[in-house]
Amino acid sequence: MTLSSEQEGRASDELARSLLEAGALTPAWAEAFRAVPRSWFLPGLFWAHDMATGRSVSVSRSGDPGGWEQAAYSNVPLITQWDDEQHTGTEPGSVATSSASMPSVVASMLRDLDVSYGMRVLEVGTGTGWNAGLLAHRLGTGHVVSVEIDPAVAQQARGALTDAGLSPEVVQGDGRDGWPDGAPYDRLIVTAGVRAVPPRWLEQTRPGGIILAPWGTHYSNQDALVRLIVNEDGSASGPFLRMVEFMKLRNQRLDWNRFREHVPEFPGDADVSRTPVTLADLGGRYESAHFALGLRVPDCAHVVNETEAGTGKAWFFDLASRSWAAAVFRSGEPDATVYQSGPRRLWDEVEAAYRWWVSRGKPEHTRFGLTVTPEGQRAWLDDPAQSWAL
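Residues numbered from 1 in each chain as written. Predicted model: local features only at pLDDT ≥ 70, side-chain atom pairs only at ≥ 80, totals over all residues. Heavy atoms only, no water.

Colleague: Give me the lowdown on the overall build of the protein, citing residues and values where you can.
Modeller: A tally of helices and strands in the protein yields nine helices and 19 strands. In terms of overall dimensions, the protein has C-alpha extents of about 65 × 55 × 40 Å along its principal axes. Relative to its 390 residues, the protein shows a buried fraction of 51%. By element, 49% of the accessible surface of the protein is carried by carbon and sulfur atoms, the whole surface being about 17,100 Å². (Helix = DSSP H or I, 4+ residues; strand = E, 2+ residues; numbered from the N terminus. Buried < 20%, exposed > 50% of the residue type's maximum accessible area, 1.4 Å probe, protein only. Areas by Shrake-Rupley, 256 points an atom, 1.4 Å probe, with all protein chains shown as cover.)

Colleague: Outline the pattern of salt bridges, supporting the account with residue identities and numerical values.
Modeller: Per the counting criterion, the structure on display carries 22 salt bridges. Here E69 makes a salt bridge to R61, at a shortest N to O gap of 3.2 Å. Note on R61: relative accessible area 29%, which makes it partly exposed. The partner of R200 in a salt bridge is D177, with the nearest N and O atoms 2.4 Å apart. One end of the pair, R200, is in helix α7 (residues 199-204); the other, D177, is in the loop between β7 (169-172) and β8 (185-190), with 23 residues separating them in the sequence. The class of R200 is partly exposed, set by a relative accessible area of 44%. (Salt bridge = Lys/Arg side-chain N within 4 Å of Asp/Glu carboxyl O.)

Colleague: Outline the nonpolar core, listing residues and values.
Modeller: Among the nonpolar cores identified, the biggest contains 55 residues, and W201, W215, L282, F316, W347 and F368 are the most heavily contacted of them. Filtering out sequence-adjacent residues up to four positions away, F368 remains in contact with P239, F240, F291, A292, L295, W356, W357, P363, W380, L381 and W388. If you look at the next biggest cluster of nonpolar residues, it comprises 38 residues, including L19, M102, V105 and L161. (Core = buried A, V, L, I, M, F, W, Y, C linked by side-chain atoms within 4.5 Å. Contact = heavy atoms within 4.5 Å.)

Colleague: So, unusual backbone geometry: which residues are in play, and what are the values?
Modeller: The omega angle of the peptide bond from A183 to P184 is 0°, so this bond is cis rather than trans. By the element assignment, P184 lies in the loop between β7 and β8. Note that the residue after F266, namely P267, is joined by a cis bond; omega there is 0°. Note on placement: P267 falls in the loop between β11 (236-244) and β12 (271-275). Unusually for a residue other than glycine, D84 sits at a positive phi of about 50°. Tracing the sequence through the fold places D84 in the loop between β3 (78-82) and β4 (96-100). Residue classification places D84 among the partly exposed residues on the basis of a relative accessible area of 27%. At E85, a residue that is not glycine, the phi angle is positive and equals roughly 70°. Locating E85 in the fold gives a position in the loop between β3 and β4.

Structure follows, in structure tokens:
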């Protein structure tokens, strides 16, 4: 059985109350969260994702209506598409390509967007349509445009929004192009991970307007939410607020297959050295050291094969050449063994970046910021004037 309207209302009220108590949801958004339930925008089959274990479990409304309703009103991310719709069945696919974000993440991003009635907002990444629905309820339907690259996802979102009595403009297109027909916008919110802020977003946001986006480097899958304020000269700058992790814009995804030829055999002819830097020093998921290293070692992809605490192999791959490095860490050994191959000494850069981060007092990610111009991106620590190219 599905929830009655009264039960659905109570579930929606309870979710809003818990988000208010946690500080993610502001009173200004509470009424929208109660009036526009997340469940209205979810498909009959989704995969509830456990952030701690990384496991995704299928939940079917027809097979388990109670579990479906519970997941719909829980503060967990729900995967709604795998492998760009090339996946079938109930088992998880290879790459999650569309989802419903955690309600706490949705609420806190809307809070940081700092909107008021009548503002024009462009959303990049419609997904289920829930976020666009919340914005339309708060700001008025004619003030919200949402762009979705996947035709099937866009169509499903339009249907859910129509059923909810809401009609923001949902455009099927590439979000990196924005939507110039509705510009200029007061706010631009992105619900996909970004590796390079497209110049068109700057062009389509009015001076003084805000661009809110999960941003990161190819060093890892990690993102940090950045809040950019657009300047009169067409640039934008602002600080990182907190760590998040989103599916990436489709044209900015990292294809790991490109590194298959980097290491034809290990260790091959690699140079060998030792380092006192530990695996923990490199930082883990959502840790500031990990984020800072990505900012200081550009055009580098990083992955760790960890077997147990303190033991594993950290890989580093150059995006422009076949240079690579690997650091092998063994529990109980004071130094790790480092292998480097190719013209770029990637481990030397990583270790230098780590020493730089330590020398600055191990700054948290909130002390870093980003400046974007039509010509490129620059990161900075504390002062935008003291920036470096990415």
